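# A structural walkthrough
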Amino acid sequence: MEIQHPRNCHGITMVEFIMSVMLVTLMLTLMVPAALRLIDDAREDNVISQLEEIQERIDDFYKSNSRYPISLVEIYESVPMDPWNNPYQYLSLSDGLQKTRGQARKYKGMKLINSDYDLYSMGPDGKSVPPLTAEASRDDVIRAQNGKFIGNVSDFE
């Protein structure tokens, strides 16, 4: 017995299938990077809010103790973590020690970005060095100008 197919029943052609796959691939190629950028922007906004809150607690500590904390552990039980699961970085600069100043964040040569303390996130790569112009520091979220600026290094320049 022979199977008969209806004459007006058509499947998709290989060309139609390939075009569909290409269209879906193109859409994903455009949408995935945009979605990842949105996620990174949300994380950066979260870091800025957290840095503002940490800055407030450091400043309250200063008002109560007439000195800046040696580390964030004096304010928190453990050092807070940023959204990339890296500890926030803090360095008091008020002791005037040359060693501490050598570790301080710098911009355009040797110009310090703060005179009281440095506070920052090492960003998504978890790497950082004192000069803001270094590749490892380009994605950092920093506190600069003694708290007048909090944001991404690229926005500071």
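Refer to the structure printed above.
Throughout what follows, the structure given in this document is the object of discussion. Small disclaimer: the values here were computed from a predicted structure and weren't measured. (Residues numbered from 1 in each chain as written. Predicted model: local features only at pLDDT ≥ 70, side-chain atom pairs only at ≥ 80, totals over all residues. Heavy atoms only, no water.)

## Considering the overall build of the protein chain
In terms of regular secondary structure, the protein chain is built from three helices and six strands. Starting at the N terminus and walking to the C terminus, you meet the elements of the protein chain as α-β-α-β-β-β-β-β-α. Buried residues in the protein chain amount to 32% of all 157 residues. Expressed as a percentage of contacts within the protein chain between residues at least 6 apart in sequence, the contacts between residues at least 24 apart total 49%. (Helix = DSSP H or I, 4+ residues; strand = E, 2+ residues; numbered from the N terminus. Buried < 20%, exposed > 50% of the residue type's maximum accessible area, 1.4 Å probe, protein only. Contact = heavy atoms within 4.5 Å.)

## Examining the environment of Arg105
Here Arg105 is to be found in the loop between helix 2 (98-103) and strand 2 (106-107). The class for Arg105 is buried, based on a relative accessible area of 1%. C-alpha separation for the pair Arg105 and Arg143, spaced 38 residues apart in sequence, amounts to 9.8 Å. Ignoring any residue separated from it by four or fewer positions in sequence, one finds Arg105 in contact with Lys111, Leu112, Ile113, Asp118, Tyr120, Ser128, Val129, Pro130, Leu132, Ser137, Asp140 and Ile142. Within the local environment of Arg105, its side chain forms a polar contact with the backbone oxygen of Val129, the two atoms lying 3.1 Å apart. (Polar contact = N/O pair within 3.5 Å; in protein donor to acceptor, adjacent residues only side chain to side chain.)

## Looking at the pattern of salt bridges
Throughout the structure, instances matching the rule amount to four salt bridges. A salt bridge links Asp140 to Arg105, with the nearest nitrogen and oxygen atoms 3.0 Å apart. Placement of Asp140 in the loop between strand 4 (117-121) and strand 5 (141-144) and of Arg105 in the loop between helix 2 and strand 2 is noted, with a sequence separation of 35 residues between them. Both residues of the pair, Asp140 and Arg105, belong to the buried class. (Salt bridge = Lys/Arg side-chain N within 4 Å of Asp/Glu carboxyl O.)

## Quick notes on the nonpolar core
Grouped together as the largest cluster of nonpolar side chains are 17 residues, with contacts concentrated most on Leu51, Ile54, Ile58, Leu72, Tyr90 and Leu119. Broken down by secondary-structure element, the contributors of at least two residues to this core are helix 1 (14-65) and strand 4. When residues in this core are grouped by element, the largest group, six residues, is from helix 1. Counting residues in each nonpolar core, the second largest holds 10 residues, with Leu132, Ile142, Ala144 and Phe156 among its members. (Core = buried A, V, L, I, M, F, W, Y, C linked by side-chain atoms within 4.5 Å.)

## Thoughts on the sheet that holds strand 5
Taken together, four strands build an open sheet; the order of strands is 1-4-5-6 and the sheet is antiparallel. Each end of this open sheet is capped by a strand with a single partner; those strands are strand 1 (89-92) and strand 6 (149-152). Across the sheet, the mean angle separating the axes of adjacent strands is 15 degrees when strand polarity is ignored. Strands strand 1, strand 4, strand 5 and strand 6 of the sheet are contacted by helix 1, whose axis makes an angle of about 155 degrees with strand 4. (Pairing = 2+ DSSP bridges. Axes fitted to C-alpha atoms, helices over the stretch in contact; angles between N-to-C directions.)

## A few points about unusual backbone geometry
Of all residues except glycine, most have a negative phi; of all peptide bonds, most are trans. Although it is not a glycine, Ser66 sits at a positive phi angle of roughly 55 degrees. As for its placement among the helices and strands, Ser66 is situated in the loop between helix 1 and strand 1. If you check the backbone angles, Asn85 has positive phi at about 65 degrees while not being a glycine. Within the fold, Asn85 resides in the loop between helix 1 and strand 1. The exposure class assigned to Asn85 is exposed, which follows from its relative accessible area of 57%.

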